[in-house]
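As a plain string of letters, each chain reads:
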Amino acid sequence: DTLPAGIEYVSSNPKATVKGQTLSWALGDIAPKGKASISITVKATRTGSFENCADVSAEDGRLKDRDCATTVVTAPALALSMTATPEALSCDEIVYQLTVTNRGDAPAKNVVINDTLPQGVTTTDGKRALDIQVGTLNAGQSKSYTVKAKAAKSGRYTNKAVATSGNLKDDASA
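Residues numbered from 1 in each chain as written. Predicted model: local features only at pLDDT ≥ 70, side-chain atom pairs only at ≥ 80, totals over all residues. Heavy atoms only, no water.

Q: How do you make sense of the overall build of the chain when you look at a structure like this?
A: Tallying secondary structure elements over the chain gives zero helices and 14 strands in all. For 174 residues, the compact-globule estimate of 2.2 N^0.38 gives 16 Å, and the chain exceeds it by more than 25% at 27 Å. Dimensions of the chain, computed from the C-alpha atoms along their principal axes, are close to 85 × 25 × 25 Å. When the 174 residues of the chain are sorted by exposure, 26% land in the buried category. Sequence separation of 24 or more characterises 60% of the internal contacts of the chain that already satisfy a separation of 6 or more. Surface accessibility of the chain: about 11,400 Å² in total, with carbon and sulfur atoms responsible for 47%. Across the chain, the mean location of the 20 positive side-chain charges is 4 Å away from that of the 18 negative side-chain charges. (Helix = DSSP H or I, 4+ residues; strand = E, 2+ residues; numbered from the N terminus. Rg over C-alpha atoms; globule rule 2.2 N^0.38 Å. Buried < 20%, exposed > 50% of the residue type's maximum accessible area, 1.4 Å probe, protein only. Contact = heavy atoms within 4.5 Å. Areas by Shrake-Rupley, 256 points an atom, 1.4 Å probe, with all protein chains shown as cover. Lys, Arg positive; Asp, Glu negative; His and termini not counted. Charge placed at Lys NZ, Arg CZ, Asp CG, Glu CD.)

Q: What is the right way to look at the sheet that holds strand E8 (residues 94-102) in this model?
A: What links the strands of a sheet is backbone hydrogen bonding, and the strands pair in either a parallel or an antiparallel sense. The strand order across the open sheet built from four strands is E7-E8-E12-E10, with neighbouring strands paired in antiparallel fashion. The sheet is open, and its two edges are formed by strand E7 (78-84) and strand E10 (121-123), each paired on a single side. Each strand of the sheet is rotated relative to its neighbour by a mean of 30°, with strand direction disregarded. Where E10 and strand E12 (residues 142-151) come together, three bridges link them in antiparallel fashion. (Pairing = 2+ DSSP bridges. Axes fitted to C-alpha atoms, helices over the stretch in contact; angles between N-to-C directions.)

Q: What should I look at first to understand the pattern of salt bridges in this one?
A: A side chain with one charge can pair with a side chain of the opposite charge if their charged atoms come near. For the structure shown, the criterion picks out two salt bridges. One salt bridge connects Asp55 with Arg66, and the closest N-O pair in it is separated by 2.9 Å. You can see Asp55 sitting in strand E5 (residues 48-58) and its partner Arg66 sitting in strand E6 (residues 63-73), a full 11 residues away along the chain. (Salt bridge = Lys/Arg side-chain N within 4 Å of Asp/Glu carboxyl O.)

Written out as structure tokens, the structure is:
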């Protein structure tokens, strides 16, 4: 079995003899109408469509067979952007617009935006920390959220938020 580029061998049962991307097993004798199974664990190093073909031979190469399988590997990719009111009087609302986008080719599940407002800034209902439950973002999908805040005193404030989905993460500030 020669693994396609973009696929890495992790383990197998029984253990394989590994030479680069080529895996081989010596299964010994198999009884008539018998079978032998091999379980292989691999990981993808990139997205794409991968065709893997396995060859089996016996009787010094006189008996042969080949079978192929195609696997499509996809992955989500989060992108978070934020805009803010560029300038406000101390009595004015500061409006933050957060947009999270899945730029990948698979759904991003359990997406959450964590936004801890800078010291001295709170939402109009007095909160400083927000956890926005976005849910699932399909490939190419975006969702936007508006946060209205007020500053306790004049000054320059930078707000930083983070969007996460599993081990995916992206941040933005304004």
